[in-house]
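# Topology and contacts: notes
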Amino acid sequence: MRLLIVSLLLLGACASSGTHLGEEHALSLLTVRNQRAGNLTIYVMHEGYRGRRLGEVTSLGSSTFVLDELDAPPATDLQFLAVSFADGVSELSDPVHILRGSTYEWRLAPFRGHQLAFRRNSST
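Rules and cut-offs
Residues numbered from 1 in each chain as written. Predicted model: local features only at pLDDT ≥ 70, side-chain atom pairs only at ≥ 80, totals over all residues. Heavy atoms only, no water. Helix = DSSP H or I, 4+ residues; strand = E, 2+ residues; numbered from the N terminus. Contact = heavy atoms within 4.5 Å. Buried < 20%, exposed > 50% of the residue type's maximum accessible area, 1.4 Å probe, protein only. Polar contact = N/O pair within 3.5 Å; in protein donor to acceptor, adjacent residues only side chain to side chain. Phe/Tyr/Trp six-rings, centres within 6.5 Å; stacked < 30°, edge-to-face > 60°. Lys NZ or Arg CZ within 6 Å of the ring centre and 35° of its normal. Salt bridge = Lys/Arg side-chain N within 4 Å of Asp/Glu carboxyl O.

### Some details on the environment of Leu54
Tracing the backbone shows Leu54 in strand β3 (residues 49-57). Counting along the chain gives 13 residues from Leu54 to Leu67, while the straight-line C-alpha distance between them is 8.3 Å. In contact with Leu54, other than residues within four places in its own chain, are Leu30, Ile42, Tyr43, Val44, Phe65, Val66, Leu67 and Asp71.

### Topic: the side chain of Ser93
Structurally, the position occupied by Ser93 is in the loop between β6 (90-92) and β7 (96-97). According to the relative accessible area criterion, Ser93 is buried, its value standing at 2%. At a separation of 2.8 Å, a polar atom in the side chain of Ser93 contacts the main-chain amide nitrogen of Phe80.

### Comments concerning unusual backbone geometry
The phi angle at Glu47 is positive, at roughly 50°, despite the residue not being glycine. Along the chain, Glu47 turns up in the loop between β2 (40-46) and β3. In this model, Leu60 sits at a positive phi of 55°, which is unusual for a non-glycine residue. Relative to the helices and strands, Leu60 is located in the loop between β3 and β4 (62-67). A residue is classified by how much of its surface remains accessible, and Leu60, at 65% relative accessible area, is exposed.

### Structural notes on the packing of aromatic side chains
Evaluation of the coordinates by the stated rule reveals one aromatic pair. Note on Phe80 and Trp106: the rings are 6.2 Å apart at their centroids and 35° apart in plane angle, and the pair reads as tilted. Of the two residues, Phe80 is situated in strand β5 (residues 77-84) and Trp106 in strand β8 (residues 103-108); the sequence distance between them amounts to 26 residues. The same class applies to Phe80 as to Trp106, namely buried. Sitting over the ring of Tyr43, Arg50 keeps its end group 4.4 Å from the ring centre.

### Some points on the pattern of salt bridges
The tally for this structure, following the rule as stated, stands at six salt bridges. One salt bridge in this structure joins Arg33 and Glu105, with 2.9 Å as the shortest N-O distance. Linking Arg33 in strand β1 (residues 28-34) with Glu105 in strand β8, this pair joins segments that are 72 residues apart in sequence. Classification of Arg33 as partly exposed rests on a relative accessible area of 31%. A relative accessible area of 3% means that Glu105 is categorised as buried. Between Glu105 and Arg107 there is a salt bridge, with the nearest N and O atoms lying 2.5 Å from each other. Residue classification places Arg107 among the partly exposed positions, given a relative accessible area of 38%. Here the salt bridges do not stand alone but share partners, grouping Arg33, Glu105 and Arg107 into one network.

Here it is in structure tokens:
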């Protein structure tokens, strides 16, 4: 009987702890779809300044990056920067409005200047 009570208390504590953390620290996701022939390095941009390096996207590939509260403060506009490995040429996304827990997609078409950043969905 004691084991059952201890197990239920432990299970309840773990469940409530996970729910609390999930609500308080909801993260956003950015998926970058690179339709270009070269590899790209992706950065977060805050008010015109380069922020944290999120990672790399291979040519003709896609990668998903986690945006935390420091990368994407709620209710702000962000941009993303892609820098080509081969020649160092960069491309800046359109501004996107950040909502906690949302998912974003940035599509980089084969030709420079043809890109689209948008929010795919949002948590409630």
